[in-house]
Amino acid sequence: MTQKIRTRFAPSPTGMLHIGGARTALFSWLYARRHGGEFVLRIEDTDRQRSTDEATQVILDGLAWLGLDWDGEVIYQSERQSQHIAAVERLLAEGKAYRCYCSKEEVDAMREAQRQAGQKPQYDGRCRHRQQQPDAPYVVRFRSPDTGETVVNDLVLGRVGFPNQELDDLIIMRSDGTPTYNLAVVVDDAEMGITHVIRGSDHLNNTPRQIQLYEALGLPIPQFAHIPLIHGPDGAKMSKRHGAVAITEYREQGYLPEAVVNYLARLGWSHGDEEVFTMAQLVALFDLTQVGASAARFDQRKLDWLNAHHLHHAKAAVLAEDMVARLGLDAAALTPAPEAVAQALQERSKNLLELANNARMFYFDPESYDEKAVKKHFKEGTAALVEAFIAVAEAMPVWQRDALHQAIADICQQHHIGMGKLAQPLRILLAGVPVSPPIDITLELLGKDCCLRRLRRGLSALGTAGA
Ligand code: GLU
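Within each chain, residue numbers correspond to sequence positions counted from 1 in written order. With pLDDT at 70 or above as the cut-off, local features in this predicted model cover only qualifying residues; side-chain atom pairs require 80 or more to be listed or tallied, and sums for whole chains, interfaces and linings still use all residues. Derived side-chain values reflect all non-hydrogen atoms in the structure, with water molecules and hydrogen atoms excluded from consideration.

Visitor: A description of the packing of aromatic side chains should follow, citing residues and the corresponding values.
Guide: The criterion for an aromatic pair is that two Phe, Tyr or Trp rings (for Trp, the six-membered ring) have centres within 6.5 Å, with stacked assigned to planes under 30 degrees apart, edge-to-face to planes over 60 apart and tilted to the rest. As enumerated under the stated definition, the model contains 6 aromatic pairs in all. The structure contains a cluster of three or more aromatic residues connected by ring pairs, namely F27, W269, F277 and F286.

As structure tokens, this is what we get:
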């Protein structure tokens, strides 16, 4: 029987979950889902000083928003300290780790001397044979092998060998008795049965150390996949300036989760030259073998393009829900029906923020009328055209887009003018601006009473009634 795949996402809640972290989570999640495996979430909150509840919340919200569900309860690493300490004690008892009494000054001086001698600064292992000093403060170091090589057979980067000579004796427990990251991560990944550790390539240098710890503890070594980092468009490491904001901010800015997921997947992974994927397609297609080994570049324009694409193809009901929430409205008994409004607007909106803004006119009377637009579209005789439309509209037995279209066309034909000459003024009076979905659809959605009221009110506000 093949082993069930288990991946994990193990963020430290010391900063916001941004694009890079979200992509790591997505790749781990996709790999698990693709293979019918499990995906676990472990919050690595052992640094009590720098971990915040707010950052943890952003991680949980961000993953939920992206649709990256995890199996089982969230695991908090800080609650597992006794297991970490037990592992340190076991290594000590077996002579695979030792107490190091070197002061900071001593280690600094050692490093400085090495630097001056042109050597790589590293701990020289002098406490391996030092006498126990019962009352002196100490850290615990792992006794790493002096010769040979530790090899990471990475699923993305291929074989990466690290000469053991360059891996000095790692601190696995600080002087305050708290275990360090490399020890904790090994104990936790092993205990959680993680088969594939998928993470950013900034962790590659930790991996040989972790492999040595697995070996020393007699634990099965998972497979590793290190995903290349994300760079900004200028090739520099991704930063705030490039849009490296908390992932939840994309929600505020009007991005659809499926667009962000699609974009993140394509940051490093490819499938031929296809760009557009649904979540279901990603689950069916994702593989680590198609993750490139070089850094990906963040491209805001592509993200925006994908967002518009997914918006145009989204279910109107889903868009409507978001739209109502953004406008602070109560969906119950709302007219016009939010779904119909969302449907009318989705083709002409680039993001959810824009869609909500475009929808505002369907629920709120205009507070003012765009001066420039009024100047441009209200000429002599324009008010009379609107009055003529009002007269026809008032008598209409059914308020329906085809009939409304016909009514406008008839009036314009009579006056030998293009339809825009009436449609634009109508838009301005209805919305305050000359922008809306097609005028017949706009009129139908707003309903007869609302249209007549806004048109009359608008004419008198502009002082053109009867002109
Ligand atoms: N907690 C580590 C971080 O956020 C990740 C650990 C890992 O994936 O091994 O960078």
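Visitor: Could you give me a rundown of the packing of helix α1 (residues 19–34) against helix α8 (residues 257–266), with the residues and numbers involved?
Guide: For helices, the fitted axis covers only the stretch in contact; all axes are lines through C-alpha atoms, and the angles between them, taken along N-to-C directions, range from 0 to 180 degrees. Working definition: helices are DSSP H or I runs of at least four residues, strands are E runs of at least two. Numbering for both runs from the N terminus. For the pair α1 and α8, the least separation of the axes is 9 Å and the interaxial angle reads 85°. Classified by the interaxial angle, the pair formed by α1 and α8 is roughly perpendicular. Contact residues: I19, A22, R23, L26 and F27 in α1; V261, L264 and A265 in α8. Its residues assigned to classes, the contact of α1 with α8 shows 7 nonpolar, no polar and 1 charged. Each angle receives one of four descriptions, namely roughly parallel if under 35 degrees, roughly antiparallel if over 145, roughly perpendicular if within 65 to 115, and oblique otherwise. By the convention used here, residues are in contact when the closest approach between their heavy atoms is within 4.5 Å. Throughout this entry, Asp, Glu, Lys and Arg are counted as charged residues, while Ala, Val, Leu, Ile, Met, Phe, Trp, Tyr, Cys and Pro are counted as nonpolar. The remaining residues, Gly among them, count as polar.

Visitor: Go over the site of the ligand, please, and point to the residues and values.
Guide: By nearness alone, every residue bordering the ligand is listed as R8, A10, P11, S12, E44, Y181, V185, R199 and H203. Distance and chemistry together define a polar contact, namely a pair of N or O atoms within 3.5 Å, with one atom able to donate a hydrogen and the other to accept it when in protein, and with adjacent residues in sequence counting only for side-chain atoms on both sides. The separation between a nitrogen atom of the ligand and a polar main-chain atom of A10 is 2.7 Å. Relative to its unbound accessible surface of 300 Å², the ligand loses 80% to contact with the protein. Each residue belonging to the shell around the ligand can be placed in one class, and the counts come to 4 nonpolar, 2 polar and 3 charged. Consider each residue's heavy atoms; a residue with any of them within 4 Å of a molecule or strand counts as near. Note on areas: Shrake-Rupley, 1.4 Å probe, and residue coverage restricted to the protein chains presented here.

Visitor: Tell me about the sheet that holds strand β5 (residues 139–142), residues and numbers included.
Guide: When DSSP finds at least two bridges between two strands, those strands are taken to pair. Pairing in this open sheet of 3 strands is antiparallel, and the strands run β4-β5-β8 from one edge to the other. If you trace the sheet from one side to the other, it starts and ends with β4 (97–100) and β8 (171–173), each paired once. Averaged over all pairs of adjacent strands, the angle between strand axes in this sheet comes to 45°, irrespective of strand direction. Across 4 bridges, the pairing between β4 and β5 is antiparallel. For R99, the partnering residue across the bridge sits in β5 and is V140.

Visitor: So, the packing of helix α12 (residues 338–346) against helix α13 (residues 352–363): which residues are in play, and what are the values?
Guide: Put simply, α12 and α13 touch, their axes get as near as 10 Å, and they point 130° apart. On the basis of the axis angle, α12 is oblique to α13. Read as a crossing pair, α12 and α13 show a hand that is right-handed. Contacts from P338, V341, A342, L345 and Q346 in α12 reach L355, N358, A359, F362 and Y363 in α13. For the contact of α12 with α13, a count of residues per class yields 8 nonpolar, 2 polar and no charged. With the far helix as reference, a near helix turned anticlockwise by less than a right angle produces a left-handed crossing, and one turned clockwise produces a right-handed crossing.

Visitor: Give a description of the pairing of strand β9 (residues 196–200) that names residues and reports values.
Guide: Buried means the residue's accessible area, taken with a 1.4 Å probe over protein chains only, is under 20% of the maximum for its type, while exposed means over 50%, and partly exposed covers the values in between. For β9, the tally of buried residues reaches 5 of 5 residues, placing the bulk of the element in the interior. When β9 meets strand β10 (residues 223–227), the two strands line up parallel, connected through 5 bridges. Residue pairing for β10: G200 is matched across the bridge by I227. With strands facing away from the observer, any crossover in which the path from the first strand over the helix to the second runs clockwise is taken as right-handed. Handedness of the crossover is the feature at issue here: the chain leaves β9, passes through helix α6 (residues 207–217), returns alongside β10, and the resulting connection is right-handed.

Visitor: Give a detailed account of the pattern of salt bridges, specifying residues and quantitative values.
Guide: By salt bridge we mean one thing: a side-chain nitrogen of Lys or Arg within 4 Å of a carboxyl oxygen of Asp or Glu. Applying the stated rule across the entire model yields 33 salt bridges. Residue R42 is joined to D188 by a salt bridge in which the shortest nitrogen-to-oxygen separation is 3.8 Å. A residue pair is termed long-range when its members are at least 10 positions apart, and R42 in strand β2 (residues 38–43) and D188 in helix α5 (residues 181–191) qualify at 146 residues. Across the pair, exposure class does not vary: R42 and D188 are buried alike. When the shortest N-O distance is used, the salt bridge between E275 and R266 registers 2.9 Å. You can call R266 buried: its relative accessible area is 17%.

Distances and angles like these do not, on their own, reveal function.
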